[in-house]
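Chain by chain, the residues run as shown.
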Amino acid sequence: MADIEYLKSIIRLHPDFPKKGISFLDIFPILRDPIAFETLITHFVHHITSQTIPKSLRKKVDVVVGLDARGFLLGPIIALRLGASFVPVRKRGKLPGECVSANYEKEYGTDTFEMQSDAILPGQSVVIVDDLIATGGSAKAAGELVKKLGGVTVEYLFIIEIMFLKGYQSLDAPAYSVIQHLD
């Protein structure tokens with residue numbers, strides 16, 4: 001698809017960032033370009049309305065969950081376009097009120113995500129969005145939070161998938177990525 005190739009051409013690769021041996025895929029050039037950003041959001045919304053929703057039991061998306069922090073840049077816009085609510089998943093201690101939590105493994109230890117306890121109602125259809133999937137740990141934790149509140153994750157959405165890490169294998173619902181990165 002032309003839109004995918006267009007978006008690929010805008011993403012920047014930064015070798016040895018944030019540390020030696022890591023290649024950082026930078027999505028911020030997309031966000032700085034209004035046409036590219038609109039292309040990305042439209043691509044996601046088209047995918048959800050033409051692929052995800054028709055396959056879902058409820059035939060709609062009630063909630064879009066965005067992961068801390070880049071999921072916050074995409075999730076609210078996608079939610080607005082779908083007529084769904086937006087729910088943030090944050091690191092421990094960043095949300096007020098009663099929260100549910102889930103731990104996940106990072107490259108250098110364990111971290112915890114939280115979601116407000118009243119953010120999702122039982123049975124609601126949920127899409128989870130983030131910029132990138134590598135090992136899948138943070139996305140899996142977000143899915144666990146949705147499940148704890150009785151929601152049903154119908155799909156995970158990512159701008160980029162790091163294919164060799166096979167992060168999708170740890171998720172409890174189908175996943176879609178706009179760009180598949182081989183390295």
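Before any of the text, the structure's been laid out above.
Structure report, in brief. (Residues numbered from 1 in each chain as written. Predicted model: local features only at pLDDT ≥ 70, side-chain atom pairs only at ≥ 80, totals over all residues. Heavy atoms only, no water.)

**A word on the packing of aromatic side chains**
- Taken as a whole, this structure holds 4 aromatic pairs when the rule is applied.
- Aromatic side chains Tyr104 and Phe113 sit 4.6 Å apart centroid to centroid with 35° between the ring planes, which places their arrangement in the tilted category. Side by side, Tyr104 and Phe113 carry an identical accessibility label, which is buried. (Phe/Tyr/Trp six-rings, centres within 6.5 Å; stacked < 30°, edge-to-face > 60°. Buried < 20%, exposed > 50% of the residue type's maximum accessible area, 1.4 Å probe, protein only.)

**Structural notes on the sheet that holds strand β3 (residues 63–67)**
- Taking strand neighbours across the sheet as the criterion, the 7 strands line up as β5-β6-β4-β3-β7-β8-β9 in an open arrangement whose pairing is mixed. The open sheet terminates on both sides in strands that have one partner only, identified here as β5 (99–106) and β9 (175–181). Neighbour to neighbour, the strand axes of the sheet diverge by 20° on average, direction disregarded.
- Taken together, the 6 bridges between strand β8 (residues 152–162) and β9 define a ladder with parallel strand orientation. When the bridges of β9 are listed, Tyr156 appears paired with Ala175.
- Strands β7 (125–133), β8 and β9 of the sheet are contacted by helix α3 (residues 34–55), whose axis makes an angle of about 140° with β8.
- Packing of helix α5 (residues 137–148) onto the sheet brings it into contact with β3, β4 (85–91), β5, β6 (109–116), β7 and β8, and relative to β5 it is tilted by some 160°. (Pairing = 2+ DSSP bridges. Helix = DSSP H or I, 4+ residues; strand = E, 2+ residues; numbered from the N terminus. Axes fitted to C-alpha atoms, helices over the stretch in contact; angles between N-to-C directions. Contact = heavy atoms within 4.5 Å.)

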